Structures are given as C-alpha cells and as structure tokens.
Amino acid sequence: MARAPAPPATPGYIWDMPNWKHHVFICTNQRPAGHPKGSCGEKGSPNLVAALKAAVEEHELWGTVKVSSSSCLGPCAKGTTMVVYPEGTWYGGVTEADLPELVQQHFVGGERVARLVIDG
Ligand code: FES
C-alpha cells in the first residue's frame, strides 16, 4: 500500500484525512516512583508505542492503523493500557511480546485478542 502524498505547501490546501480503520491509543502517563496508582509509563509504555509504530511500518499498515500516545486512560492498575477505536476494545497488561499477535489478529484479521481484553 502506498503512502499518501505529503500535502503541498499551497495556501488554502485542505489535507485529506486518512481513513484509518483502527486508531490505537496507548497510555504513556508517568507518575513518580512509588505512587500508589503506578503508571503505564513506568511499565515501559513509551517503548511500546515506538514498537507498535515500527510494526505498523513493517506490515505496511500505515493507511489503516494510527498509533497515538495518550495521557492516563483510567484503568492504571491494569496497565500498560491500550484502547482501539472505533470498536472501543480495551487491552491491559500489554507488552512488546504481545504486538505480533495484536497486529495479525486484530489489526489485520479484525478479531480482538481476548486474553488481553479488559473492561475500560
Ligand atoms: S497510568 Fe495508564 S491508564 Fe492510568
């Protein structure tokens, strides 16, 4: 799949919004060490964001999957937390080791990875 061309530097040009099939938000909130709620950031979520972006590139999914970091999504104790829209699937305890399965089963195959699903 070819990348969308960069928008021209023309005044008044309106960027065509990509029609992503999945928009993934990964919490990268970082609380101080020892905070009772913990945080996804201290569990390595910034690296998870980078690894998922790399996997999207590797599988040429940039036209259908958008990966964004986010502030706290709420279920801190279940982090690292990820939510996928528009379907509203919540995943918890996600690590880099889970990414191949998430990419193939969810982002390519369209099926949730049940063992990682949490209630938001
Ligand atoms: S710190 Fe990640 S969900 Fe709250």
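Starting afresh in each chain, residues are numbered from 1 along the sequence in its written order. Per-residue local features of the predicted model are confined to residues with pLDDT of at least 70, and side-chain atom pairs are confined, for both listing and counting, to 80 or more; whole-chain, interface and lining totals are unaffected and use all residues.

What follows concerns the sheet that holds strand β2 (residues 65–70). Paired strands are those between which DSSP finds at least two bridges. Each helix is a run of H or I in the DSSP string that is no shorter than four residues. Each strand is a run of E no shorter than two, and both are numbered from the N terminus. With mixed pairing, four strands are arranged side by side in an open sheet as β2-β1-β3-β4. One side of each edge strand has no neighbouring strand; the edge strands of this open sheet are β2 and β4 (89–91). Each neighbouring strand pair of the sheet contributes to a mean axis angle of 20 degrees, computed without reference to strand direction. Direction of pairing for strand β1 (residues 22–27) relative to β2: parallel, over a ladder of six bridges. Each residue of the ladder has a partner; that of H22, found in β2, is V65. Lines fitted to the C-alpha atoms define the axes, with helices restricted to the stretch that makes contact. Angles between their N-to-C directions range from 0 to 180 degrees.

Note that β1 and strand β3 (residues 82–85) share four bridges and pair antiparallel. Of the residues in β3, the one forming a bridge with I26 is M82. Joining the antiparallel neighbours β3 and β4 is a turn of three residues, in which G88 adopts a positive phi near 70 degrees.

Buried, partly exposed and exposed are defined by the number of other C-beta atoms within 10 Å of a residue's own C-beta, namely 20 or more, between the two limits, and 12 or fewer respectively, with C-beta atoms placed from the backbone. For helix α2 (residues 99–108), the complete set of buried residues consists of L102, H106 and F107. End-on, the buried residues of α2 take up no more than an arc of 80 degrees, which puts them together on one face. In this structure, α2 carries P100 and E101 as exposed residues pointing more than 90 degrees from its buried face. In this structure, the buried side of α2 is in contact with β1, β2 and β3. Residue G110 follows α2 closely and has a positive phi angle near 80 degrees. Working definition: the arc comes from the directions between the helix axis and the C-beta atoms, pointing outward to the latter. Here contacts are defined at the residue level, using C-beta atoms placed from the backbone and a cut-off of 7 Å between them.

So, about the environment of R112. Structurally, R112 is set in the segment after α2. Here R112 falls in the partly exposed class, since 16 other C-beta atoms lie within 10 Å of it. Sequence separation between R112 and E87 is 25 residues; the distance between their C-alpha atoms is 9.7 Å. If sequence neighbours within four positions are ignored, R112 has contacts with T89, H106 and V117.

Here we come to the nonpolar core. One recurring pattern in soluble globular proteins: nonpolar side chains tend to sit buried together. Nonpolar cores are identified as sets of buried Ala, Val, Leu, Ile, Met, Phe, Trp, Tyr and Cys residues joined via C-beta atoms within 7 Å. Grouped together as the largest cluster of nonpolar side chains are 19 residues, with contacts concentrated most on V24, I26, L52, V67 and M82. Only β1, α1 (45–58), β2, β3 and α2 provide two or more residues apiece to this core. Here V24 is in contact with L52, V65, K66, V67, S68, M82 and V84, once residues within four sequence places are set aside.

The subject of this paragraph is the environment of P36. As for its position among the elements, P36 is in the loop between β1 and α1. Taking the C-beta count within 10 Å as the criterion, P36 has 7 such neighbours and is therefore assigned exposed. Separated by 41 residues in the primary sequence, P36 and A77 have C-alpha atoms spaced 9.5 Å apart.

A separate point is unusual backbone geometry. Across the junction of G79 and T80, the peptide omega takes the value 10 degrees, indicating a cis bond. A cis amide bond, omega 15 degrees, links Y85 with the succeeding residue P86. By the secondary structure assignment, P86 is in the loop between β3 and β4. Of note in this structure, E60 is not a glycine but carries a positive phi near 55 degrees.

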